[in-house]
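# An overview of the molecular structure
Chain by chain, the residues:
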Amino acid sequence: MTPEVSVIVPTYNRRAMVCEAIDSVLAQSFREFELIVIDDGSTDGTVEHLASLDETTRIEHTEHRGPAAARNRGVEMARAPLIAFLDSDDFWAPTKLERQLAFMRDNPNCAISQTNEIWIRHGRRVNPGLRHRKRGGDIFIDSLRTCLISMSATMMRTDLFRSLGGFDESMDAAEDYDLWLRILIDREAGLLDEPLVTRRGGHADQTSATTPAIDRFRILALAKLLADDRLSPARRTAVAEVLAEKCRIYAGGLARRGRIAQARFYERVADQAQNWRDAEIGCAVKSMRSMLTEIAHGC
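Summary of the structure given here. Once a new chain begins, its residue numbering starts again from 1 and follows that chain's sequence as written. Whole-chain, interface and lining totals are the exception, using all residues; otherwise, since this is a predicted model, local features are given only for residues with pLDDT of at least 70 and side-chain atom pairs are given and counted only at 80 or more. Side-chain metrics in this entry use all non-hydrogen atoms of the structure; hydrogen atoms and water are not considered.

### Observations regarding the overall build of the chain
- Numbering of helices and strands runs from the N terminus; a helix is a DSSP stretch of H or I covering at least four residues, while a strand is a stretch of E covering at least two. For the chain, the count of helices and strands is 12 helices and nine strands.
- Burial status follows relative accessibility: with a 1.4 Å probe on protein chains alone, a residue under 20% of its type maximum counts as buried, one over 50% as exposed, and anything between as partly exposed. Counting only residues that meet the buried cut, the chain has 53% of its 299 residues in that class.
- The contact rule is simple, with two residues in contact once any of their heavy atoms fall within 4.5 Å. A fraction of 75% describes how many contacts in the chain between residues 6 or more apart in sequence connect residues 24 or more apart.
- Only the protein chains shown count as cover for residues, and the accessible areas themselves come from Shrake-Rupley with a 1.4 Å probe. Accessible area for the chain stands at about 13,700 Å²; split by element, carbon and sulfur atoms hold 48% of it.

### Focus on the environment of Asp186
- Mapped onto the fold, Asp186 is located in the loop between helix 7 (175–184) and strand 9 (190–201).
- Here a polar contact is recorded for every N or O atom pair within 3.5 Å, except that within protein the pair must consist of a potential hydrogen donor and a potential acceptor, and residues adjacent in sequence are included only if both atoms are side-chain atoms. A polar atom in the side chain of Asp186 sits 2.8 Å from the side chain of Arg187.
- For Asp186, the side chain forms a polar contact with the side chain of Arg230, separated by 3.1 Å.

### Things to note about the side chain of Lys246
- Within the element layout of this structure, Lys246 appears in helix 10 (residues 233–256).
- In this structure, Lys246 is buried with no salt-bridge partner, the nearest side chain bearing the opposite charge being Glu245 at 5.9 Å.
- Residues contacting Lys246, with those up to four places away along its chain left out, are Leu144, Arg145, Tyr177, Ile219 and Leu222. Think of it this way: Lys and Arg go in the positive column, Asp and Glu in the negative one, and His and the chain ends go nowhere. Just to be clear on terms, a salt bridge is a Lys or Arg side-chain nitrogen sitting within 4 Å of an Asp or Glu carboxyl oxygen.

### Brief notes about the packing of helix 9 (residues 215–225) against helix 10
- Helix 10 packs onto helix 9 with a crossing angle of 155 degrees between their chain directions and a minimal axis gap of 10 Å. Here helix 9 lies roughly antiparallel to helix 10, going by the angle between them. Every pair of crossing elements has a handedness; the one defined by helix 9 and helix 10 is left-handed. Together, Asp215, Arg216, Ile219, Leu222, Ala223 and Leu225 of helix 9 and Val239, Val242, Leu243, Lys246, Cys247 and Tyr250 of helix 10 make up the contact between the two elements.
- The class makeup of the residues in the contact of helix 9 with helix 10 is nine nonpolar, no polar and three charged. Inter-axis angles, ranging from 0 to 180 degrees, are taken between N-to-C directions of lines fitted to C-alpha atoms, where helices are fitted over the stretch in contact. Oblique is the label for every angle not falling under 35 degrees (roughly parallel), over 145 degrees (roughly antiparallel), or within 65 to 115 degrees (roughly perpendicular). Handedness of a crossing follows from how the near helix is turned relative to the far one, being left-handed for an anticlockwise turn of less than a right angle and right-handed for a clockwise one. As a working rule, the residues Ala, Val, Leu, Ile, Met, Phe, Trp, Tyr, Cys and Pro are called nonpolar, Asp, Glu, Lys and Arg charged, and the rest polar, with Gly in that last group.

### A short note on the pairing of strand 1 (residues 5–11)
- Extensive coverage of strand 1 is indicated by the burial of seven of its seven residues.
- Residues Val5, Val7, Val9 and Thr11 line one face of strand 1 and the alternating positions Ser6, Ile8 and Pro10 line the opposite face, and both faces are buried.
- DSSP bridges decide pairing: two strands pair if at least two such bridges lie between them. Relative to strand 2 (residues 33–39), strand 1 runs parallel, the two sharing seven bridges. Residue pairing across strands places Ser6 opposite Glu34, the latter belonging to strand 2.
- A right-handed crossover is one whose linking path, passing over the helix from the first strand to the second, runs clockwise when the strands point away from the viewer. Crossover connection from strand 1 via helix 1 (residues 15–26) to parallel strand 2: handedness right-handed.
- Pairing of strand 1 with strand 4 (residues 82–85) involves four bridges; the strand directions are parallel. Each bridged residue has a counterpart across the sheet, and for Val5 the counterpart in strand 4 is Leu82.

This is the structure:
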């Protein structure tokens, strides 16, 4: 029987946490799902633990290539019309799939939705700031400054993910921010306002803690976005304004650390973004190419 939802759990050296994540999937009240676990080259005993799982769980071990590649591989293996991601440091309430699938059925035009979530930092519950609070509908503009879709809370149509090429595997970080923005250009996000995900943070192996200059990847995502011909003039203006804003903030940080050449580069990107705002899209793409290359390679 074809499952209704493919659940994809990527993991890397998180043996204890991934056990809890997997257990929360296997405890779901809704049962018509397949569980796909992609081990991204773990060396901490995760492989041996996964070998003990029920044979209905589909497991693949890959060389270490990062979460974007691991999630993309999971979607390649997926057989269901819907996919749900779960990061290996998070876990679900037992009714998460049941309630979210019902939401998607009740909203057949919704291609992507998320639930609300509980935040845990350093083992203690915290409340997200106002700018992080989830909302539904057209959230494209709001999402430019703050990533408003959470990986472990998401359910989306598999064909939508595949049509957009999935996560950008060249991005060491902010690959989720990049994909959500590409989706939100012309789609609204559904919100099931129930806290069905527990999101854990503050541990040392989080991407935000292990990836240097993470803001560079957010800048890269915005610069790429300007080349998307689906952007309306108003949305392209908004993207260019936020790109310029983030570049100037990043340049200021570089300058304070004495990295003057790099700071000047990002100031130039900010200046160019203002020109892209008013330029024809073809001109914007042409002038952007060399800058995108420099950003992607760590300038």
